[in-house]
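# Observations on the model geometry
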Amino acid sequence: MASIMETLILQGILPFDQLDRVSRSQADDETALSGLVTQGLVTPVQLARARATQAGIGFVELLEYPVDRTAVSLVPAMLCRRHDVLPITLDGKVLKLAMVDPGNVFAIDDIRAATHLRVEPVLAEKADLLAAIDRYLRADGELSDLTTTLEEESGPQESDLAIGDAHDDEAPIVRFVNLLVSQAIQDNASDIHIEPGEYELRVRYRIDGVLHEMQSAPKSIQNGVISRLKIMSDIDIAERRKPQDGRMSVMHGGRKIDLRVATLPTVWGEKVVMRILDNSNTSLDLRDLQLLDRNFEAYKASYSKPYGMILVTGPTGSGKSTTLYTTLNSVARPEINVITVEDPVEYRMKGINQVQVNPKAGLTFASALRSILRSDPDVVLLGEIRDHETAQIAIEASLTGHLVLSTLHTNDAPSAVVRLTEMDIEPFLVGSALDCVVAQRLARRLCDRCKEPAEYTDEDLARLKFPQVQISRRMPGLFKPMGCQQCSMTGYRGRIALHEVMTVTEEIERLAVARKSSAEIGRVAREQGMLTLREDGFTKATMGLTSLEEILRVVV
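Treat the numbers as computed from the prediction; the structure is a model and nothing was measured.

## Quick word on the sheet that holds strand S2 (residues 94-99)
- Read across the open sheet, the 3 strands follow the order S1-S2-S3; overall the sheet is mixed. Each edge of the open sheet is held by one strand with a lone partner, namely strand S1 (85-91) and strand S3 (118-123). Across the sheet, the axes of successive neighbouring strands diverge by a mean angle of 30°, strand direction being ignored.
- Bridge count for S2 against S3 is 6 bridges, and the pairing is parallel.

This is the structure we're talking about:
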């Protein structure tokens with residue numbers, strides 16, 4: 001029988017001389033085969049297909065395969081996840097089973113015992129199979145069944161259902177909450193909104209910046225669900241009259257996920273919003289933020305300096321924290337001291353001293369910043385500049401040999417200069433301290449699998465305010481969203497940042513000292529080469545990363 005490596009050669013994927021470089025025993029060795037994938041010589045799908053050929057069984061790519069949901073329903077979800085298998089078709093008494101390891105006789109025996117059917121294994125690539133399992137074995141069905149059960153079990157007198165012991169994972173309310181959180185993480189949601197209404201409890205997930213209604217629950221379980229979330233977040237369950245904040249951690253897919261929890265009293269009860277903080281973002285490289293070359297060079301020149309102030313501006317949820325943490329990742333080295341002051345500390349980072357603001361104990365942004373400047377920092381990250389005192393200390397820190405990174409709420413980069421002067425900071429200090437301002441927004445990224453070329457007339461492009469220069473060139477690369485199973489029929493999957501990077505030059509510094517308007521500062525910055533958020537967005541649309549309509553949705 002041919003080895004897997006010989007099969008890859010016969011399929012024309014590897015050159016013939018590849019087999020000469022390894023011994024016969026290594027031709028089926030997992031380490032050697034994994035090395036081929038790491039080196040980019042074969043793709044995981046090509047390797048999986050070769051395994052199927054060598055084993056003499058079928059191979060399936062599940063993204064486009066017409067999976068029979070009747071077959072899926074025959075096997076419990078827990079069993080599928082335990083063995084990494086997915087039933088895909090049912091033909092009489094034969095159940096076709098997609099597997100990563102068709103030689104796993106224990107999995108086949110378990111499925112056969114659960115279904116009383118003959119099992120026919122076929123091989124699937126692991127990432128493809130796991131994605132399909134997540135797609136077809138969502139928690140929605142279980143949530144719906146659990147909601148119906150809770151509604152039947154709870155009477156009108158049980159409006160404050162027992163939430164069960166904190167360690168009792170089988171208590172209905174506990175299972176309901178666990179399913180809500182795990183489904184949100186699985187769907188790559190950034191926030192979970194649990195909203196009391198007059199007659200029901202509504203649940204919405206924010207996915208790629210847009211809220212999607214996911215689940216409604218009976219009003220009778222409202223207090224139980226909210227109390228459970230408060231206990232998990234270490235929030236006072238007796239206090240229902242004022243907003244509270246907390247934090248919780250859950251395990252999902254073998255990794256720890258932190259959630260920031262905020263409660264808000266409304267007329268129908270307490271609304272709970274949970275922000276999902278995925279620590280995998282903190283390992284990003286700056287190139288992963290996809291700044292255009294001009295913006296990347298300008299930004300890199302600023303954070304590479306030993307002192308000065310860099311501001312990242314934008315509304316809530318525009319990716320400011322991700323940009324700042326990624327920047328910290330680039331500048332943090334063992335030979336420098338990095339200290340952050342945050343409210344709250346969103347991501348834990350190794351090798352960085354992070355301080356949590358605590359106003360009740362008198363630890364405000366200003367007092368914490370004043371104290372850490374006595375702790376010999378080289379780089380300071382300030383979560384947000386909110387008032388005159390904080391701004392004044394941050395400006396002085398940047399003028400005394402520290403690199404200061406912070407955020408500010410303004411609509412664009414030039415407005416940051418005016419905003420600081422409105423905080424009663426002397427204009428000459430703003431001009432001297434400020435080195436770079438980055439304004440950003442998040443736009444939804446087109447799904448690579450289903451996007452299609454878009455046809456626009458010159459009139460359409462002019463109506464969309466597409467730059468005249470680019471209209472005249474008729475730049476190719478414009479795409480539109482279509483929708484497929486991979487992107488849940490939205491046409492978009494993931495998000496991409498749009499940037500406006502303004503370097504504070506001598507001319508802009510003079511305008512700041514003269515208290516000129518943001519419009520005038522913006523005009524000079526554009527003359528010096530600054531790309532506006534809209535221009536950056538249109539450029540990324542011509543690169544096929546997003547659509548023109550999406551740019552117009554997020555940028556004025």
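## Structural notes on the UniProt feature "domain: Bacterial type II secretion system protein E" (unreviewed entry) in the protein chain
- The residues that UniProt annotates with the feature "domain: Bacterial type II secretion system protein E" (unreviewed entry) are residues 373-387.
- With 0% helix and 27% strand, residues 373-387 has its two end C-alpha atoms placed 18 Å apart.

## Quick notes on the sheet that holds strand S14 (residues 403-408)
- What the 7 strands build is an open sheet, ordered S12-S11-S13-S14-S10-S15-S18; its pairing is mixed. Two strands in the sheet have a free side with no partner beyond their single neighbour: strand S12 (353-356) and strand S18 (492-503). For this sheet the average axis-to-axis angle between neighbouring strands, irrespective of direction, equals 20°.
- When strand S10 (residues 308-313) meets strand S15 (residues 434-446), the two strands line up parallel, connected through 5 bridges. Across the sheet, the residue bridging to Met 309 is Leu 434, located in S15.

## Examining the pattern of salt bridges
- Across all of its chains, the model carries 22 salt bridges by this definition.
- Among the ionic pairs, Glu 270 bridges to Lys 230, the shortest N-O distance being 2.8 Å. With a gap of 40 residues between them, Glu 270 in strand S9 (residues 269-277) and Lys 230 in helix H10 (residues 222-232) connect regions that are remote in the sequence.
- Within the structure, one salt-bridge network assembled from shared partners comprises Glu 195, Arg 202, Arg 204, Glu 213 and Lys 271.

## What about the pairing of strand S7 (residues 244-252)?
- Side chains Gln 244, Gly 246, Met 248, Val 250 and His 252 of S7 all project onto a buried face; the interleaved residues Asp 245, Arg 247, Ser 249 and Met 251 project onto a face where none is buried.
- Connecting the antiparallel pair S7 and strand S8 (residues 255-266) is a turn made up of 2 residues, with Gly 253 showing a positive phi of about 60°.

## Comments concerning the packing of aromatic side chains
- One pass over the full model with this rule turns up 1 aromatic pair.
- Arranged with centres 5.4 Å apart and planes meeting at 70°, the rings of Tyr 299 and Tyr 303 form a pair that is edge-to-face. In this pair, Tyr 299 and Tyr 303 both sit in helix H11 (residues 293-303), 4 residues apart, roughly one turn of the helix. Considered together, Tyr 299 and Tyr 303 belong to a single accessibility category, that of buried residues.
- It is Arg 287 that lies over the ring of Phe 296; its NZ or CZ is 3.7 Å from the centre.
- The ring centre of Tyr 492 lies 4.2 Å from the NZ or CZ of Arg 444, which sits over that ring.

## Some details on helix H7 (residues 126-136)
- When we look at burial in H7, the residues that qualify are Asp 128, Leu 129, Ala 132, Ile 133, Arg 135 and Tyr 136. Across the axial projection of H7, the buried residues extend over an arc of 165°, all falling on one side.
- Residues of H7 that are buried sit in contact with helix H4 (69-73), helix H5 (77-83), S1 and S2.
- Put simply, Glu 125 is the residue that caps the front of H7, since its side-chain oxygen is 3.2 Å from the backbone nitrogen of Ala 127.

## Focus: the environment of Gly 537
- Among the structural elements, Gly 537 can be located in helix H21 (residues 533-542).
- Spatially, the C-alpha atoms of Gly 537 and His 499 are 8.0 Å apart, while their sequence positions differ by 38 residues.
- When sequence neighbours within four positions are dropped, the list of residues in contact with Gly 537 reads Leu 498, Thr 546 and Ile 551.

## Some points on the confidence of the model for the protein chain
- On average, the protein chain scores 83 in pLDDT, and the residues at 70 or more come to 84%.
- Considering each helix and strand of the protein chain separately, the mean pLDDT is smallest for helix H18 (residues 468-473), with a value of 54, and largest for S10, with 95.
- This model gives residues 155-167 a pLDDT under 50, and the stretch forms 22 contacts once residues within four places in sequence are excluded.

## Side note on the pairing of strand S11 (residues 338-342)
- Counted residue by residue, S11 has 5 buried out of 5 residues, so it is predominantly covered.
- Of the two faces of S11, the one lined by Val 338, Thr 340 and Glu 342 and the one lined by Ile 339 and Val 341 are each fully buried.
- In this structure, S11 lies alongside strand S13 (residues 379-382), joined through 4 bridges in parallel fashion. If you follow Thr 340 over to S13, its bridge partner there is Leu 381.
- With 4 bridges joining them, S11 and S12 adopt parallel strand pairing. Its bridge partner being in S12, Thr 340 is matched across the sheet by Gln 354.

About the cut-offs
- Residues numbered from 1 in each chain as written.
- Predicted model: local features only at pLDDT ≥ 70, side-chain atom pairs only at ≥ 80, totals over all residues.
- Heavy atoms only, no water.
- Pairing = 2+ DSSP bridges.
- Helix = DSSP H or I, 4+ residues; strand = E, 2+ residues; numbered from the N terminus.
- Axes fitted to C-alpha atoms, helices over the stretch in contact; angles between N-to-C directions.
- UniProt positions renumbered as here; feature names shortened; annotations may be inferred.
- Salt bridge = Lys/Arg side-chain N within 4 Å of Asp/Glu carboxyl O.
- Buried < 20%, exposed > 50% of the residue type's maximum accessible area, 1.4 Å probe, protein only.
- Phe/Tyr/Trp six-rings, centres within 6.5 Å; stacked < 30°, edge-to-face > 60°.
- Lys NZ or Arg CZ within 6 Å of the ring centre and 35° of its normal.
- Arc of directions from axis to C-beta.
- Contact = heavy atoms within 4.5 Å.
- Polar contact = N/O pair within 3.5 Å; in protein donor to acceptor, adjacent residues only side chain to side chain.
- pLDDT = per-residue confidence, 0-100.

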